Amino acid sequence: MLLELDNISLAYGRIQALHGISLTVGQGEIVALIGANGAGKSTTMRAISGLRPVSQGSIKFDGKDITRLRADLRVVRGVSQSPEGRGIFPGMSVRENLEMGAYTRRVRAEIDEDLERVFGLFPRMKEREKQSGGTLSGGEQQMLAVGRALMSRPKLLLLDEPSMGLAPMLIQQIFDIIVEINQQGTTILLVEQNAQQALSRAHRAYVLETGRIVKAGTGAELLHDPAVKDAYLGVA
Amino acid sequence: MSDTAVAPAKEKATFRENGGVRGWFGRQPAWVRWAVMLLFAVLAFLLPYAGDIPVIGPQITTEGIDWPSALFNMSYYVLLALGLNVVVGYAGLLDLGYVGFFAIGAYGTALLTSPDSVLYSHTGWAWLGAAPVALAATMLAGLILGYPTLRLRGDYLAIVTLGFAEIIRIVATNTTTFRGDRGFTNVPHPPGSSGGKPIFGVTDATPYFWLGLVVIILVIFGVRNLDRSRVGRSWLAIREDEEAAEIMGVRTTKFKLWAFSVGAFIGGLGGVLFAGEQGFINSSTFVLQFSILVLAGVVMGGSGNMAGAILGGALISYIPDRLRGISLGGTDLYEYRFAMFGAVIIAIMIVRPQGLIPSRRRAMELKDREKEVAPL
Ligand SMILES: Nc1ncnc2c1ncn2[C@@H]1O[C@H](COP(=O)(O)OP(=O)(O)O)[C@@H](O)[C@H]1O
Ligand SMILES: [Mg+2]
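Residues numbered from 1 in each chain as written. Chains lettered and ligands numbered in written order. Predicted model: local features only at pLDDT ≥ 70, side-chain atom pairs only at ≥ 80, totals over all residues. Heavy atoms only, no water.

As a further point, take the coordination of the magnesium ion (ligand 2). All names here are of chain A. For the magnesium ion (ligand 2), the protein coordination sphere consists of Ser-42 (OG) and Glu-84 (OE), at 2.0 to 2.1 Å. Residue Ser-42 is located in helix α1 (residues 41–49), and its partner Glu-84 is located in the loop between β6 (79–82) and α3 (94–101); the two are separated by 42 residues in the primary sequence. Relative accessible area serves as the criterion here: at 16%, Ser-42 is assigned to the buried category. Assessed through its relative accessible area of 37%, Glu-84 is described here as partly exposed. (Donors = N, O, S within 2.8 Å, 3.2 Å for Na, K, Ca; no water. Helix = DSSP H or I, 4+ residues; strand = E, 2+ residues; numbered from the N terminus. Buried < 20%, exposed > 50% of the residue type's maximum accessible area, 1.4 Å probe, protein only.)

On to the site of ligand 1, then. Residue and element names in this part refer to chain A. Neighbouring ligand 1 are 13 residues, the closest being Gly-38, Gly-40, Lys-41, Ser-42 and Thr-43. Asn-37 has a polar side-chain atom sitting 3.4 Å from an oxygen atom of ligand 1. A distance of 3.2 Å separates an oxygen atom of ligand 1 from a polar backbone atom of Ala-39. Taken by itself ligand 1 offers 560 Å² of open surface, and the protein chains cover 65% of this. Sorting the residues of the shell around ligand 1 by element identifies β2 (15–25) and α1 as the ones contributing at least two each. Here the shell around ligand 1 takes four residues from α1, the largest share from any one element. (Near = heavy atom within 4 Å. Polar contact = N/O pair within 3.5 Å; in protein donor to acceptor, adjacent residues only side chain to side chain. Areas by Shrake-Rupley, 256 points an atom, 1.4 Å probe, with all protein chains shown as cover.)

Residues and elements named next belong to chain A. Here the domain parsing of chain A yields domain 1 (1–78 + 156–236) and domain 2 (89–153). Taking the mean C-alpha position of each, domain 1 and domain 2 sit 23 Å from one another. Counting residues at the interface gives 17 residues for domain 1 and twelve residues for domain 2. There are zero salt bridges connecting domain 1 and domain 2. The tally of links between domain 1 and domain 2 comes to one residue pair in polar contact (both at pLDDT 80 or more). (Domains from an automatic or database assignment. Contact = heavy atoms within 4.5 Å. Salt bridge = Lys/Arg side-chain N within 4 Å of Asp/Glu carboxyl O.)

With that settled, consider the pattern of salt bridges. A side chain with one charge can pair with a side chain of the opposite charge if their charged atoms come near. Counted according to the given criterion, the structure contains 25 salt bridges over all chains. Across the salt bridge formed by A:Glu110 and A:Arg153, the nearest N and O atoms sit 3.9 Å from each other. You can see A:Glu110 sitting in helix α4 (residues 108–121) and its partner A:Arg153 sitting in the loop between α6 (138–150) and β7 (156–160), a full 43 residues away along the chain. On the basis of relative accessibility, which here comes to 32%, the residue A:Glu110 falls in the partly exposed class. Of the charged contacts in the structure, one is a salt bridge between B:Arg322 and B:Glu63, with a shortest N-O distance of 3.6 Å. Of this pair, B:Arg322 sits in helix α13 (residues 306–323) while B:Glu63 sits in the loop between α3 (57–60) and α4 (67–90); the two residues are 259 residues apart in sequence, bridging distant segments of the chain. Take B:Arg322: its relative accessible area is 15%, and that puts it in the buried class. Overall, the relative accessible area of 52% leaves B:Glu63 in the exposed class. Three or more residues joined by partner-sharing salt bridges are found here, namely A:Arg95, A:Glu99, A:Arg108, A:Asp112, A:Lys126 and A:Glu129.

Let us now look at the packing of aromatic side chains. Residues and elements named next belong to chain B. For the structure shown, the criterion picks out 18 aromatic pairs over all chains. Considering the side-chain rings of Tyr-76 and Phe-102, the 5.6 Å spacing of their centres and the 25° angle between planes classify their relative orientation as stacked. With Tyr-76 in helix α4 and Phe-102 in helix α5 (residues 99–113), this pair connects stretches of sequence that are 26 residues apart. For the pair formed by Tyr-76 and Phe-102, the shared burial category is buried. Taking 5.6 Å as the distance between ring centres and 85° as the angle between the ring planes, the aromatic pair formed by Tyr-107 and Phe-178 counts as edge-to-face. Residue Tyr-107 is found in helix α5, and its partner Phe-178 is found in the loop between α7 (154–174) and β1 (193–194); the two are separated by 71 residues along the sequence. The exposure class assigned to Tyr-107 is buried, which follows from its relative accessible area of 5%. The lysine or arginine in question, Arg-324, covers the ring of Tyr-334, its NZ or CZ lying 4.0 Å from the ring centre. Directly above the aromatic system of Tyr-334 lies the positively charged group of Arg-337, at a separation of 4.2 Å from the ring centroid. (Phe/Tyr/Trp six-rings, centres within 6.5 Å; stacked < 30°, edge-to-face > 60°. Lys NZ or Arg CZ within 6 Å of the ring centre and 35° of its normal.)

Side chains of A:Arg106, B:Arg230, B:Arg251 and B:Lys254 sit close together on the surface and give a patch of like positive charge. If you trace the backbone, B:Arg251 turns up in the loop between α10 (242–248) and α11 (252–278). (Patch = residues over 30% accessible without salt bridge, like charges linked within 9 Å, V, L, I, M, F, W, Y side chains within 5 Å. Lys, Arg positive; Asp, Glu negative; His and termini not counted. Charge placed at Lys NZ, Arg CZ, Asp CG, Glu CD.)

Here the focus is the sheet that holds strand β10 (residues 212–218) of chain A. All names here are of chain A. The strand order across the open sheet formed by six strands is β6-β7-β8-β3-β9-β10, and the pairing between neighbours is mixed. In this open sheet, the two edge strands, each paired with only one partner strand, are β6 and β10. Averaged over all pairs of adjacent strands, the angle between strand axes in this sheet comes to 20°, irrespective of strand direction. Inspection of the sheet shows β6 paired to β7 by four bridges, in the parallel sense. Paired with Ser-82 across the bridge in β7 is Leu-159. Along the sheet, α1 contacts β3 (30–34), β6, β7, β8 (187–192) and β9 (204–209); its crossing angle with β7, the most-contacted strand, is approximately 150°. Contacting β6 and β7, α6 crosses the sheet at an angle of about 175° to β6. (Pairing = 2+ DSSP bridges. Axes fitted to C-alpha atoms, helices over the stretch in contact; angles between N-to-C directions.)

Structure representation (structure tokens):
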């Protein structure tokens, strides 16, 4: 397993956001984490990236315990995140945003290589290279955030609601790109409210409800689970 | 996000679209840029003679305070604005207690040099010897303030830093070591003599202004180098989105401490210069309004932009000094300075919220925040 969360709890002051959740992500997988607003999906991502200390449990990455490891060292180890919402740097150009993604890396030639790769995945970013991040449309900002997360050459890519606020056509496109990134060899943990898309693209998935994992299975299993259908897939 | 079919033929871009004066400046070859900067520096050094310019000279210079002293005041305000700009403008940490560092620089110097100090033992230190010790103390104070406040954001940080400055002021006012209102006398002047007379005397403030300018220029180069390095990049990322910065692998705590101690160092420089020029300091100098005033200068000039901070810092010192000695209905206009500042700041915030010489990135960040507040 590339990532193993074992019985993780996390609280914001008195608000207990995670109540002992356990999940695993295997090498090469796309694993989806779905759940309603406020279920604790972003909090789980924060715990994995090391932005918030956990109060209980352990996190193992690539065979080593990283529960108490500093956030910047987790990036060096190969954990990268595209945060929810407007996580880009608005005053930096597209290019500078991408360079920030490579903040922990030193080898210029490799960084340039990855820049080309990101521009290959998102040709629009190439067109907008010199434009400020803040002037991009919502969809472009989302692509920039995903591209930026790739710039650290991660082993594990954490995507927090990459389809949020996008038009239907763009949603298709971003999920296609996610699958493509995965096929190029990057393991992905995908948080989504768009359960339909997430479940149909993911190998496996977990359902999170008020800070607890209530269901797990393959993407296809959950897609046809009546309870999941009822709660997250709306009326088809 | 529909593709624009055919982009309309672009008309020749206007001067403004090309970035205006700064865009033009940025496109010039290095030697032109250096020449322009050198010209500014030379003009700054000639400022003490501004009164000799026919017609406009007397309009520029001050009446109620001698012109070189007004210039010296401007020089340490500019230093403070440059330092606070690092903390507030670059790293985005709202520090309302900046005067605390100015005070530590000045008190550090006085404690080591003044005959009134408990540390004085028949010789006392020279100003130049005391300066590095005082500066080390200020940087340490920057770290001491910075460390416990690392987790605080925005308003909370503002309140704690404000408390920090008040603690320093109250300690200075009420302890015998710091002598309160009686203060420290005979703080020595900077060294050097020419033709048998000391360069830094008590009658003419011009040499102090020049010394201040030299320090300002060194600070400008230092800060510029930092800003262009990995440190500056990290500050920028923290300011724009702290959580995103952390996700990129920026050690946010480390770079916030850097900002605090660099800012403290520059503020301390202002204090050391101030003590050396005045020869006397007491606790009434370091009031809270001072912090607010410097912050107002930075915001007015253009937070995050050194040229803006310099202009803002100079203005907050120049305007009240210029008003001194002009009376309106029997009251010196100087007495109205805070009211006028209030009015000027409100006006600027309405007309030009990014400041007089804005930072482009800052302007973009402001816009982005507006979007967040009022989506769609
Ligand atoms: N910074 C925070 N401070 C306090 N409570 C928070 C914070 N972030 C999230 N929460 C709370 O934690 C819970 C989980 O939130 P989150 O992880 O953002 O959910 P999701 O991403 O699934 O919508 C919610 O109840 C939310 O209100
Ligand atoms: Mg969320």
